[in-house]
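So the chains spell out like this:
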Amino acid sequence: MELPESYKKRMQSLLGGEYPAYLASLDEPRLYGLRVNTSKISVEEFERIAPFPIRRIPYVPNGFFYDGETVQPAKHPYYFAGLYYLQDPSAMTPASRLPIEPGNRVLDLCAAPGGKSTELAARLVAGLLVANDISASRAKALQKNIELFGITNSLITTEYPEKLTQYFPQFFDRVLIDAPCSGEGMFRKDPAMVRSWSEDSPQKYAAMQEDIVRHALPMLAPGGYLLYSTCTFSPLEDEGTVKKILAMDPSLSLVPMEGYEGFATGFDNWDEYRRACGETSDEISMEQDGEALSMKNCVRIFPHRMEGEGHFLALFKKADDDLLVSDGAYGNTKQNSSRMSKDERSLWESFASGLSREFCEDRIESHDGKLFLNVPGLPQVRGLRFLRNGLYLGECKKNRFEPSQALAMTLRMDEYKNVLNLPADDERVVRYLKGETIRVEEPGKSGSINHTSASGQISSPESVSKACELHDGLILICVDGYPLGWGKKTGATIKNKYHSGWRMM
């Protein structure tokens, strides 16, 4: 791999005797990983049913390596069921090190395409996730991944941090900033990053990072945690930004994270920082005051030390003795709701009679016949640019309610009355995912046999018999017990209702 000379010089200063090992690692094959969606399936169950060889990532509890040269997980039906997310192994680390508790209010500030947001939401269970990205086009990919994972408690925004600060002062218990950076840690994974790198890239991104964190810090509640991460090796963007964060808010302190034998620590003092950058480096832009940087609690990930690409992580805790803003300051949480009309309510209730899960009607809003289940506990968001608040349930049409793809992905198989459950190797699964019409029974097929539940347990003969009693009308299509989407049965034919934008190519 051809690297810029100025970059090689700085990395040699940073790594010292480890530099040859780092260079050698760049010529090794990149690593591929997937992260299990624990809100749908346990790690142990996925390991049992995995349709291709996997092995555990030792530093991520729900992460697995796979051979990206021989298998295509994005083409398997389990991917379309939202059972896992494809992600660089070390990129899983930031979300795994932010301590999440049920009921937390969490902000993922630079969220697209959703690798970290989906993990945070899966661990959150109850509470609120605000997933933000300033790019509306990137936020659409974020929205798809959040819906694919079956997440209902999220607000997806497309705002600059300074705008969010006006709406969420001291609001979030947890904040994740996976900041835009010069991308030095991704050189092996994406050679285009090498071509886009320049000697002034670290300075440019460090200024951007400083602006982002300056507006993010006022949104962190007292007692809360903030995790800052990058995928670069640049000390200016890593320890340099950490030092700025500590200077901006003296109530913050660096705290340790769960370790791993391959992790390196941050550079802990000014002289070490200077040596890492090189004595004459233009990256040295902070005062040389000899102040201890106290960076030993930070984590650096190098590809020559462990199986992963390059990352940096720093976890901060905010002192809890500041004045807390009460929830009452956030105003009405019903978001200027537009109530369902009488006809819309009737159509919704007719559909919902087939569900075993209850949805709080006080949280359902109608916008031009489209129904949304909003997230409770939000401040007023009028004036914010957002793509989705909560869950899109579906649309009221003439004499019927059309449920959404997003709603299907939130359900368990046993939560809808009319289910066609197919094994992953049934050719009808792929045909369905491609948008084709399928049939309930085909030569050599067993129709709607439903051998396993969504938890992977063997169904009783009674439940199998019941599952085979399919009725005409709306039907939930599942693969091995996990929902994929909707269809409409007429006799032996099922008209495809799978989301056109999600179809398998």
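What you see is a predicted model; the values in this text were computed from it and never measured.

*Asks:* Would you mind going over empty space enclosed by the protein in detail, with residue names and values included?
*Replies:* If you walk through the whole model with that rule in mind, you get one cavity of 30 Å³ or more. The space that makes up the largest cavity amounts to roughly 40 Å³. Forming the boundary of the largest cavity are Ile146, Glu147, Ile151, Ser154, Ile156, Arg388, Gly390, Leu391 and Tyr392. For the lining of the largest cavity, the elements supplying multiple residues, two or more each, are α7 (136-148), β7 (154-157) and β17 (391-397). Per-class residue counts for the lining of the largest cavity are five nonpolar, two polar and two charged.

*Asks:* Summarise the sheet that holds strand β20 (residues 438-439); cite the residues concerned and give the values.
*Replies:* An order of β19-β21-β22-β23-β20 is seen for the five strands of this open sheet, with the pairing classed as mixed. Across the chains shown, the open sheet's two edge strands, defined by having one partner strand only, are β19 (419-422) and β20. Direction of pairing for β19 relative to strand β21 (residues 473-479): parallel, over a ladder of four bridges. Note that in β21 the partner of valine 419 across the bridge is leucine 476.

*Asks:* An account of the nonpolar core is needed here, citing residue identities and associated values.
*Replies:* Counting 38 residues, the largest nonpolar core has Leu34, Phe46, Leu83, Tyr84, Leu420, Leu433 and Leu484 as the members making the most contacts within it. In this structure, Ile245, Cys298, Ala314 and Leu378 belong to the second largest nonpolar core, which totals 35 residues.

*Asks:* Summarise the layout of surface pockets; cite the residues concerned and give the values.
*Replies:* In this structure, the largest pocket encloses a volume near 950 Å³. Forming the walls of the largest pocket are 34 residues, and the residues nearest its centre are Cys110, Ala112, Pro113, Arg138 and Asp178. If you tally residues by element for the lining of the largest pocket, the top one is helix α10 (residues 201-216), at three residues. Taken together, the residues of the lining of the largest pocket sort by class into 19 nonpolar, six polar and nine charged. Of the voids in this model, the second largest pocket is the one considered here, and its volume is about 620 Å³. As for the second largest pocket, its lining consists of 28 residues, and the residues nearest its centre are Val125, Gly150, Thr152, Arg357 and Thr410. Only α6 (115-124), α14 (405-410) and β22 (482-490) provide two or more residues apiece to the lining of the second largest pocket. Tallied by class, the residues present in the lining of the second largest pocket amount to 17 nonpolar, six polar and five charged.

*Asks:* Describe the pairing of strand β14 (residues 364-367), and please don't skip the residues or the numbers.
*Replies:* Here β14 pairs with strand β15 (residues 370-373) via four bridges, running antiparallel. Across the sheet, the residue bridging to isoleucine 364 is leucine 373, located in β15. The antiparallel hairpin formed by β14 and β15 contains two residues in its connecting segment, where aspartate 368 sits at a positive phi of about 55°.

*Asks:* Which residues make up the packing of aromatic side chains, and what are the values?
*Replies:* Two measures describe an aromatic ring pair: the distance that separates the ring centres and the angle between the ring planes. Per the stated rule, a full pass over the model turns up 27 aromatic pairs. With 5.6 Å between their ring centres and 65° between their planes, phenylalanine 46 and tyrosine 84 make a pair best called edge-to-face. Here the residue phenylalanine 46 occupies a position in helix α3 (residues 43-49), and tyrosine 84 occupies one in strand β4 (residues 84-86), the gap between them amounting to 38 residues. Grouping residues by exposure puts phenylalanine 46 and tyrosine 84 together as buried. A centroid spacing of 5.2 Å and a plane angle of 80° characterise the contact between tyrosine 416 and tryptophan 486, whose relative ring orientation is edge-to-face. Residue tyrosine 416 is located in the loop between α14 and β19, and its partner tryptophan 486 is located in strand β22; the two are separated by 70 residues in the primary sequence. On the accessibility criterion, tryptophan 486 (1% relative accessible area) is buried. The structure contains a cluster of three or more aromatic residues connected by ring pairs, namely Tyr32, Phe46, Phe52, Phe64, Tyr66, Tyr79, Phe80 and Tyr84. A cation over a ring is seen here: arginine 30 above tyrosine 32, with NZ or CZ 4.1 Å from the ring centre. The positively charged end of arginine 105 is found above the aromatic ring belonging to phenylalanine 171, 4.1 Å away from the centroid.

Rules used throughout
Residues numbered from 1 in each chain as written. Predicted model: local features only at pLDDT ≥ 70, side-chain atom pairs only at ≥ 80, totals over all residues. Heavy atoms only, no water. 1 Å grid on protein atoms, 1.4 Å probe; cavity = no way out; pocket = protein on both sides within 12 Å on 5 of 7 lines; lining within 4 Å. Points joined across faces, edges and corners; volume = space filled by probe spheres on them. Helix = DSSP H or I, 4+ residues; strand = E, 2+ residues; numbered from the N terminus. Nonpolar A, V, L, I, M, F, W, Y, C, P; charged D, E, K, R; others polar. Pairing = 2+ DSSP bridges. Core = buried A, V, L, I, M, F, W, Y, C linked by side-chain atoms within 4.5 Å. Buried < 20%, exposed > 50% of the residue type's maximum accessible area, 1.4 Å probe, protein only. Phe/Tyr/Trp six-rings, centres within 6.5 Å; stacked < 30°, edge-to-face > 60°. Lys NZ or Arg CZ within 6 Å of the ring centre and 35° of its normal.

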